Amino acid sequence: MATDLEVTPSATERRLPGWELLLVLGLSLGQSAVYSILQIINRLTVEIPLNQQTTSINQSATPDRPWLDLSYQLAHIIFPLVPVLLALYFLRLSSQQIGFDFKRPVFDLLAGLAITAGVGIPGLALYFAARELGLNTNVAPANLASNWWTVPVLIMAAAMNGILEEVIMIGFFFVKSAELNWRPYAFVFVSALIRGSYHLYQGFGGFVGNIAMGLLFGIIFLKTRRVGPLVVAHTMLDIFAFVGYSLLAGLTDWF
């Protein structure tokens, strides 16, 4: 039996940027922020001082079975990128709207490297200072078993972090906040605060440092309208942290 279907308003007419923003954050970094806040509460309510606790990142799942471990690591890299695809879908797959494309590769690379240099050293200094003051945990950013794929996986994890955080917390967040008629200073600050919040599991050094990074990245995006340089910078910072730690951890007592 044939049934007449009513024509509903188009998807564009029914767009609700606030709900789109909440859905993407709820599936990704907003959810991470909630768990991170719970984790810092847990860390602060145990008897061990914060700077004597260790935060381990990029851990092996099955260190005695390398190929299964590799499968776990690849899954940890691939699935967090699904909310990025959702964000791009809500932007109507217009990655050019936020500068997430290959139209200006030289600019993105050079600007990203410049940002890396400007952020990396102060960030490292803040981490060591916060740890000495008892405000941060000891962060161990690379804890994979030694395999032929260890360094490539760490590099892919760094790229995943860069894409996930910058596309969602800068490009997508700023576009949707603008559609909600927020002032630029408001979405720069709120985005930076969320970024700091989902790093609270590391301690207050990670919280403050990532708020500062979020403010800087937000201002840069407002000037350039491109997340490309920010993805490059974030990826490079994490590569230095992950790969550098895996190479130096056994050779120095800095960490």
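Our structure is the block above this text.
Rules used throughout
- Residues numbered from 1 in each chain as written.
- Predicted model: local features only at pLDDT ≥ 70, side-chain atom pairs only at ≥ 80, totals over all residues.
- Heavy atoms only, no water.
- Helix = DSSP H or I, 4+ residues; strand = E, 2+ residues; numbered from the N terminus.
- Rg over C-alpha atoms; globule rule 2.2 N^0.38 Å.
- Buried < 20%, exposed > 50% of the residue type's maximum accessible area, 1.4 Å probe, protein only.
- Contact = heavy atoms within 4.5 Å.
- Areas by Shrake-Rupley, 256 points an atom, 1.4 Å probe, with all protein chains shown as cover.
- Lys, Arg positive; Asp, Glu negative; His and termini not counted.
- Charge placed at Lys NZ, Arg CZ, Asp CG, Glu CD.
- Arc of directions from axis to C-beta.
- Phe/Tyr/Trp six-rings, centres within 6.5 Å; stacked < 30°, edge-to-face > 60°.
- Salt bridge = Lys/Arg side-chain N within 4 Å of Asp/Glu carboxyl O.
- Axes fitted to C-alpha atoms, helices over the stretch in contact; angles between N-to-C directions.
- Parallel < 35°, antiparallel > 145°, perpendicular 65-115°, else oblique.
- Left-handed = near helix turned anticlockwise from the far one by under 90°.
- Core = buried A, V, L, I, M, F, W, Y, C linked by side-chain atoms within 4.5 Å.

**Q** Whenever I open this one, the overall build of the protein chain confuses me. Can you help?
**A** In terms of regular secondary structure, the protein chain is built from nine helices and two strands. In sequence order, the protein chain lays out its α and β elements as α-α-β-α-α-α-β-α-α-α-α. Relative to the 2.2 N^0.38 estimate, which gives 18 Å for 255 residues, the radius of gyration of the protein chain is 20 Å and therefore close to what a compact globule would have. Over its C-alpha atoms, taken along the principal directions, the protein chain stretches across nearly 70 × 45 × 45 Å. Residues counted as buried form 45% of the 255 residues belonging to the protein chain. The contacts of the protein chain with a sequence gap of at least 6 include a subset with a gap of at least 24, amounting to 77%. Of the accessible surface of the protein chain, which amounts to about 14000 Å², a share of 68% is contributed by carbon and sulfur atoms. Side-chain charges of the protein chain comprise 14 positive and 15 negative groups, with the mean position of each set lying 9 Å from the other.

**Q** Sorry if this is basic, but what is going on with helix α4 (residues 82–90) here?
**A** The complete set of buried residues in α4 reads Pro83, Val84, Ala87, Leu88 and Phe90. Buried residues of α4, viewed axially, fall in a sector of 160°; they line one side. Exposed residues on α4 whose side chains face more than 90 degrees from its buried face are Leu85 and Tyr89. Buried residues belonging to α4 abut α1 (17–27) and α6 (150–179).

**Q** Looking at this structure, how should I read the packing of aromatic side chains?
**A** The description of an aromatic ring pair rests on the distance of the ring centres and on the angle between the ring planes. Here the structure, examined in full by the defined rule, presents six aromatic pairs. Ring geometry for Trp67 against Trp148: centres 5.7 Å apart, planes inclined by 55°, an arrangement best described as tilted. Residue Trp67 is located in helix α3 (residues 66–78), and its partner Trp148 is located in the loop between β2 (138–140) and α6; the two are separated by 81 residues in the primary sequence. Per residue, the accessibility class of Trp67 equals that of Trp148, and both read exposed. With a centroid separation of 4.8 Å and an interplanar angle of 50°, the aromatic rings of Phe174 and Phe187 are classed as tilted.

**Q** Is there a simple way to explain the pattern of salt bridges in this structure?
**A** All told, the structure shown has six salt bridges when counted by the stated rule. The salt bridge partner of Lys176 is Glu20, with a shortest N-O separation of 2.6 Å. One end of the pair, Lys176, is in helix α6; the other, Glu20, is in helix α1, and 156 residues separate them in sequence. The pair formed by Lys176 and Glu20 is uniform in burial state, with each residue classed as buried. Two residues, Arg195 and Glu166, come together in a salt bridge whose shortest N-O distance is 2.9 Å. A residue pair is termed long-range when its members are at least 10 positions apart, and Arg195 in helix α7 (residues 184–197) and Glu166 in helix α6 qualify at 29 residues.

**Q** I tried to follow the packing of helix α5 (residues 105–132) against helix α8 (residues 204–224) on my own but got confused; where do I start?
**A** Interaxial distance between α5 and α8 falls to 10 Å at its minimum, and their mutual angle equals 160°. The orientation of α5 relative to α8 falls into the category roughly antiparallel. As α5 runs across α8, the sense of the crossing is right-handed. Facing Phe107, Ile115, Val119, Leu126 and Ala130 of α5, the residues of α8 in contact are Gly205, Val208, Gly209, Leu216, Phe217, Ile220 and Thr224.

**Q** Can you walk me through the nonpolar core in this structure?
**A** Counting residues in hydrophobic clusters, the biggest one holds 49 residues, and the most contacted among them are Ile98, Ile168, Met169, Phe173 and Phe217. In terms of residues, this core owes the most to one element, α6, which gives 14 residues. Other than its neighbours up to four places away in sequence, Phe173 contacts Leu21, Leu25, Ile168, Trp182, Phe187, Val190, Ser191 and Ile194. Ala192, Leu200, Phe207 and Ile211 belong to the second largest nonpolar core, which has six residues in total.

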